[in-house]
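Observations on the model geometry
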Amino acid sequence: MGYADKRVADAMRKVDRKDFVPDELRSLAYVDTPLVIGHEQTTSAPSIIASMLRSLEVGKGMNVLEVGTGSGYQTAILSELVGGKGSVTSIEIVPELVRFARANLAKYKLTNISLVQGSGAGGYAKGAPFDRIIYSAAATRMPQKAVGQLNESGKLIVPVDEGLWQRLYLVESKGGRIEIKALEAVVFVPLKE
Ligand code: SAH
C-alpha cells in the first residue's frame with residue numbers, strides 16, 4: 001500500500017501476521033487494522049508498523065530496542081531487518097503477553113531476539129547504547145531516559161500523547177546532538193508509566 005520501502009516490505013513478507021494473532025482472529029490477520037491480543041492490548045495495523053519502520057531506517061547489524069512487545073509481530077520484522085549480526089531486545093510489561101510473544105516467535109528460527117519482562121518507559125539501560133529504539137505504546141511525554149540510551153547516530157521513534165490524539169516523533173542523534181521531527185498523528189494504546 002506504499003507505507004513500506006523495499007527493505008521493510010521484504011522483511012514483512014518473511015513474517016506471517018497470522019502467526020501472531022489469537023486463533024479466533026486468524027481470518028482477520030491480513031486486514032490492515034489493529035487486532036485485540038488480550039489484556040486490553042492490540043497488535044498494531046501493519047501499515048503503521050511499515051511506516052514507523054521505514055522512518056526508523058533499521059539496518060543490518062544494528063542493536064535495537066522495542067518497547068511493548070505485544071504479540072511479537074513487529075519484533076520478528078525487526079529481527080529480519082537487523083539480520084543475524086544484529087540484535088533486538090524487546091521489553092513488555094504484561095507477563096502473559098511476554099509468554100504469548102515467546103510462543104508466537106517460537107514458530108520462527110530467529111536467534112537474535114531477547115525478550116524482557118518489565119517496563120520500558122525509561123528505555124533499557126542494560127542493553128544501551130542502541131542504534132534504534134521504537135515505542136509501540138504512547139508516552140505522555142518524550143522518554144528522555146531512552147533518548148539518552150541512543151548512540152551517536154541513533155534514532156528513536158515514539159508516539160506522544162497530545163490530548164485528542166497522539167503524534168509520532170522521530171528523534172535523531174547526530175554526533176550526539178539531538179534533532180526532533182514531528183511525523184503523522186496516530187492512535188496507540190497508552191504506555192504504562
Ligand atoms: N508492536 C506490538 C504492539 C503491542 S501494543 C504488536 O504489534 O503486537 C503495545 C504493547 O506495549 C502492549 O503489549 C502493552 O502491554 C505494552 N506496554 C505498555 N506499557 C509498557 C511499558 N511501560 N513497558 C513495556 N511495555 C509496555
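The following paragraphs examine the structure supplied in this document.

Reading the values: rules and limits
Residues numbered from 1 in each chain as written. Predicted model: local features only at pLDDT ≥ 70, side-chain atom pairs only at ≥ 80, totals over all residues. Heavy atoms only, no water. Helix = DSSP H or I, 4+ residues; strand = E, 2+ residues; numbered from the N terminus. Rg over C-alpha atoms; globule rule 2.2 N^0.38 Å. Buried < 20%, exposed > 50% of the residue type's maximum accessible area, 1.4 Å probe, protein only. Contact = heavy atoms within 4.5 Å. Lys, Arg positive; Asp, Glu negative; His and termini not counted. Charge placed at Lys NZ, Arg CZ, Asp CG, Glu CD. Near = heavy atom within 4 Å. Polar contact = N/O pair within 3.5 Å; in protein donor to acceptor, adjacent residues only side chain to side chain. Areas by Shrake-Rupley, 256 points an atom, 1.4 Å probe, with all protein chains shown as cover. Nonpolar A, V, L, I, M, F, W, Y, C, P; charged D, E, K, R; others polar.

Things to note about the overall build of the chain
Each helix and strand counted, the chain has five helices and nine strands in total. Listing the helices and strands of the chain from first to last along the sequence gives α-β-β-α-β-α-β-α-β-β-α-β-β-β. Relative to the compact-globule value of 16 Å for 193 residues, the chain shows a C-alpha radius of gyration of 15 Å, a close match. Counting only C-alpha atoms and orienting by the principal axes, one finds that the chain spans roughly 45 × 40 × 35 Å. Across the 193 residues in the chain, those meeting the buried criterion constitute 54%. Of the contacts formed within the chain by residues at least 6 apart in sequence, a portion of 55% connects residues at least 24 apart. Within the chain, the 21 negative side-chain charges are centred at a point lying 5 Å from the centre of the 24 positive side-chain charges.

Here we look at the site of the ligand
T43, S71, E92, G120 and K192 are the nearest of the 26 residues found near the ligand. Note that an oxygen atom of the ligand is positioned 2.6 Å from one of the side-chain N or O atoms of E92. One nitrogen or oxygen atom from the side chain of S136 is found 3.4 Å from a nitrogen atom belonging to the ligand. Contact with the protein chains removes 100% of the 580 Å² of surface that the ligand exposes when unbound. Elements with a minimum of two residues in the shell around the ligand: β2 (41-43) and β4 (87-92). For the shell around the ligand, the leading source of residues is β2, giving three residues. For the shell around the ligand, a count of residues per class yields 11 nonpolar, 13 polar and two charged.

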